[in-house]
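# Working through the structure, step by step
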Amino acid sequence: AQKVTQAQTEISVVEKEDVTLDCVYETRDTTYYLFWYKQPPSGELVFLIRRNSFDEQNEISGRYSWNFQKSTSSFNFTITASQVVDSAVYFCALSDAAENYGQNFVFGPGTRLSVLP
Amino acid sequence: GAVVSQHPSRVICKSGTSVKIECRSLDFQATTMFWYRQFPKQSLMLMATSNEGSKATYEQGVEKDKFLINHASLTLSTLTVTSAHPEDSSFYICSAGRGPLAPQHFGDGTRLSIL
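Note that the structure is a prediction, hence the values are computed from the model and not measured.

### Re the environment of Ser 95 of chain B
Residue and element names in this part refer to chain B.
- Examined against the element boundaries, Ser 95 turns out to sit in strand β9 (residues 90–97).
- Note: C-alpha distance between Ser 95 and Thr 49 (46 residues apart in sequence) is 9.8 Å.
- Not counting the four nearest positions on each side in its chain, Ser 95 is found in contact with Met 33, Phe 34, Tyr 36, Gln 104, His 105 and Phe 106.

### Observations concerning the packing of aromatic side chains
- All told, the structure shown has 17 aromatic pairs over all chains when counted by the stated rule.
- A centroid spacing of 5.9 Å and a plane angle of 70° characterise the contact between Phe 107 of chain A and Phe 106 of chain B, whose relative ring orientation is edge-to-face. Of this pair, Phe 107 of chain A sits in strand β11 (residues 106–107) while Phe 106 of chain B sits in strand β10 (residues 104–106), which puts the two residues in different chains.
- Between the aromatic rings of Tyr 36 of chain B and Phe 106 of chain B, the centroid separation amounts to 5.8 Å while the plane-to-plane angle is 45°, which identifies the pairing as tilted. Here Tyr 36 of chain B, found in strand β4 (residues 32–38), pairs with Phe 106 of chain B, found in strand β10; they are 70 residues apart in sequence, far enough to count as distant. As far as burial versus exposure is concerned, Tyr 36 of chain B and Phe 106 of chain B are alike and both buried.
- Through pairs of rings, three or more aromatic residues link up here, namely Phe 35, Tyr 37, Phe 47, Phe 91 and Phe 107 of chain A together with Tyr 36 and Phe 106 of chain B.

### Here's the deal with the sheet that holds strand β8 (residues 76–81) of chain B
Residues and elements named next belong to chain B.
- If you walk across this open sheet you meet the 4 strands as β1-β3-β8-β7, and the pairing is antiparallel. With one partner strand each, in any of the chains shown, β1 (4–7) and β7 (67–73) form the two edges of the open sheet. This sheet shows a mean twist of 15° between the axes of neighbouring strands, independent of strand direction.
- Note that β7 and β8 share 5 bridges and pair antiparallel. Within β8, the residue paired with Phe 67 across the bridge is Val 81.

### What about the state of the cysteines?
- Taken as a whole and judged by the stated rule, the model has 2 disulfides over all chains.
- The side chain of Cys 23 of chain A participates in a disulfide bridge whose partner is Cys 92 of chain A; the two sulfur atoms lie 1.9 Å from each other. Taking the torsion about the sulfur-sulfur bond, which here is approximately -65°, the covalent link between Cys 23 of chain A and Cys 92 of chain A counts as left-handed. Taken as a pair, Cys 23 of chain A in the loop between β3 (19–21) and β4 (24–26) and Cys 92 of chain A in strand β10 (residues 88–96) lie far apart in primary sequence, 69 residues in all.
- Looking at Cys 23 of chain A, the relative accessible area reads 0%, which means it is buried.
- Linked covalently through their sulfurs, Cys 23 of chain B and Cys 94 of chain B form a disulfide whose S-S length is 2.0 Å. One disulfide, between Cys 23 of chain B and Cys 94 of chain B, carries an S-S torsion of 80° and so falls in the right-handed class.

Basis of the calculations
- Residues numbered from 1 in each chain as written.
- Chains lettered and ligands numbered in written order.
- Predicted model: local features only at pLDDT ≥ 70, side-chain atom pairs only at ≥ 80, totals over all residues.
- Heavy atoms only, no water.
- Helix = DSSP H or I, 4+ residues; strand = E, 2+ residues; numbered from the N terminus.
- Contact = heavy atoms within 4.5 Å.
- Phe/Tyr/Trp six-rings, centres within 6.5 Å; stacked < 30°, edge-to-face > 60°.
- Buried < 20%, exposed > 50% of the residue type's maximum accessible area, 1.4 Å probe, protein only.
- Pairing = 2+ DSSP bridges.
- Axes fitted to C-alpha atoms, helices over the stretch in contact; angles between N-to-C directions.
- Disulfide = S-S within 2.5 Å.

Encoded structure:
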């Protein structure tokens, strides 16, 4: 069975601090996809990144960076120089590569990030 | 821009009312759409898979007679919460992908409040 764990329930940081959100996953599949989504207070899900299980290169997009390590089944997300607008719930998610792509979409419990001014 | 449109964004109604939520893929055809439910401060849980032209597939524990799903066309799926009660109050989100292995695009969600 697939499972996603986000051990940090809530994190509070002061603006301009760096913060890392942890994500650990479990799957028996050799091919899978990992995702991060942001859910601001308004509720909609904002897609941040998708990573194929065969691509372990770290990725940087502006203030966001992701560290994918298959050896530890982790896909951590770092926000550099955090801003108040980063305050949201962040979900890590896992999907297999089956044809019904979204059916096997498993979300972690989410981490609520509060960035204080 | 948004590729999946969900409507309405918010519903407040009395107990016993049936509520219909629409999910549309705006610029692509989706043979499959997905419906999720999110309780306050909790993660998203898949409720059902909506299949165009056939019956929806429900996850264990989800009442199919309570949550009616109709996928009448390749761009529209509807979720009807029948005879809604306060315990049905939740945030409902749909998603759709352009095809196999394509990223899922999520609607903006519907916040349902049953009084």
